[in-house]
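Now for the letters of each chain:
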Amino acid sequence: RAAALGFHDAAAGPRAGHFLGLTRKGGLPDGLPERLAQAQVHVSQRGHSLRITPHLWNDEADVERLLTVLATEA
């Protein structure tokens, strides 16, 4: 669903399997991690990618909040 919003997986390379890196052609919008945090979605920005590290206690509502904010940036 993130791909439909213009985001794609960052290169896998040497990253850990439980990390998801999302990037977007043209880069990430300024302040995106802060807007996500306001929606209680906590990620970090590493270069031109969002580093998302889902854990066992994340649920579908958490994913929906992430995608809702990403949709406002598309």
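The notes below deal with the structure included here. Keep in mind it's a predicted model, so treat the numbers as computed, not measured.

### Side note on the overall build of the protein
A tally of regular secondary structure across the protein gives 2 helices and 4 strands. The order of α-helices and β-strands along the protein, N terminus first, is β-β-α-β-β-α. Whereas a compact globule of 74 residues would reach a radius of gyration of roughly 11 Å, the protein reaches 12 Å, a difference of no more than 12%. Across its three principal directions, the C-alpha atoms of the protein cover 30 × 30 × 20 Å. The burial tally for the protein puts 31% of its 74 residues in the buried class. Pairs at least 24 apart in sequence give 54% of the contacts found in the protein among residues at least 6 apart. Positive and negative side-chain charges of the protein, numbering 8 and 8 respectively, have mean locations separated by a distance of 6 Å.

### Side note on the pairing of strand S2 (residues 20-24)
The pairing of strand S1 (residues 7-9) with S2 spans 3 bridges and is antiparallel. The partner of Phe7 across the bridge, within S2, is Arg24. Bridge count for S2 against strand S4 (residues 49-52) is 3 bridges, and the pairing is antiparallel. Paired with Leu20 across the bridge in S4 is Ile52.

### Overview of the environment of Thr53
Within the element layout of this structure, Thr53 appears in the loop between S4 and helix H2 (60-73). C-alpha separation for the pair Thr53 and His8, spaced 45 residues apart in sequence, amounts to 15 Å. In contact with Thr53, not counting residues within four places along its chain, are His18, Phe19 and Asn58.

### Some thoughts on the layout of surface pockets
Of the voids in this model, the largest pocket is the one considered here, and its volume is about 410 Å³. As for the largest pocket, its lining consists of 19 residues, and the residues nearest its centre are Val41, Ile52, Pro54, Asn58 and Leu66. Among the elements of the structure, S2 and H2 are those that each provide at least two residues to the lining of the largest pocket. For the lining of the largest pocket, the element with the most residues is H2, which contributes 6 residues. Of the residues contributing to the lining of the largest pocket, the split by class is 12 nonpolar, 5 polar and 2 charged.

### Here's the deal with unusual backbone geometry
Positive phi outside glycine occurs at Gln40, with the angle close to 65°. Here Gln40 lies in the loop between helix H1 (32-38) and strand S3 (44-46). Assessed through its relative accessible area of 52%, Gln40 is described here as exposed.

Reading the values: the criteria
- The residue count restarts for each chain, going from 1 along the sequence in the order it is written.
- Totals for whole chains, interfaces and linings use every residue, but because this is a predicted model, local features are given only for residues with pLDDT of at least 70 and side-chain atom pairs only at 80 or more, for both listing and counting.
- Derived side-chain values reflect all non-hydrogen atoms in the structure, with water molecules and hydrogen atoms excluded from consideration.
- To qualify as a helix, a DSSP run of H or I must reach at least 4 residues; to qualify as a strand, a run of E must reach at least 2; elements of each kind are numbered from the N terminus.
- Radius of gyration here uses only the C-alpha atoms, and the compact-globule reference equals 2.2 Å multiplied by the residue count raised to the power 0.38.
- Relative accessible area decides the class of each residue, using a 1.4 Å probe on protein chains only: under 20% of the type maximum gives buried, over 50% gives exposed, and in between gives partly exposed.
- Residue contacts follow a heavy-atom distance rule, with two residues in contact if any of their heavy atoms lie within 4.5 Å.
- Positive: Lys, Arg. Negative: Asp, Glu. His and the chain ends are not part of the count.
- Where a charge lies is defined by one atom per residue type, namely NZ (Lys), CZ (Arg), CG (Asp) and CD (Glu).
- What makes two strands pair is DSSP finding at least two bridges between them.
- Definitions used throughout: a 1 Å grid over protein atoms alone; a cavity as a set of points that fits a 1.4 Å probe which cannot get out; a pocket as an open set with protein on both sides within 12 Å along at least five of seven lines; a lining residue as one with an atom within 4 Å of a point.
- Grid points are joined across faces, edges and corners, and a volume is the space filled by probe spheres set on the points.
- Residues are grouped as follows: Ala, Val, Leu, Ile, Met, Phe, Trp, Tyr, Cys and Pro are nonpolar; Asp, Glu, Lys and Arg are charged; all remaining types, including Gly, are polar.

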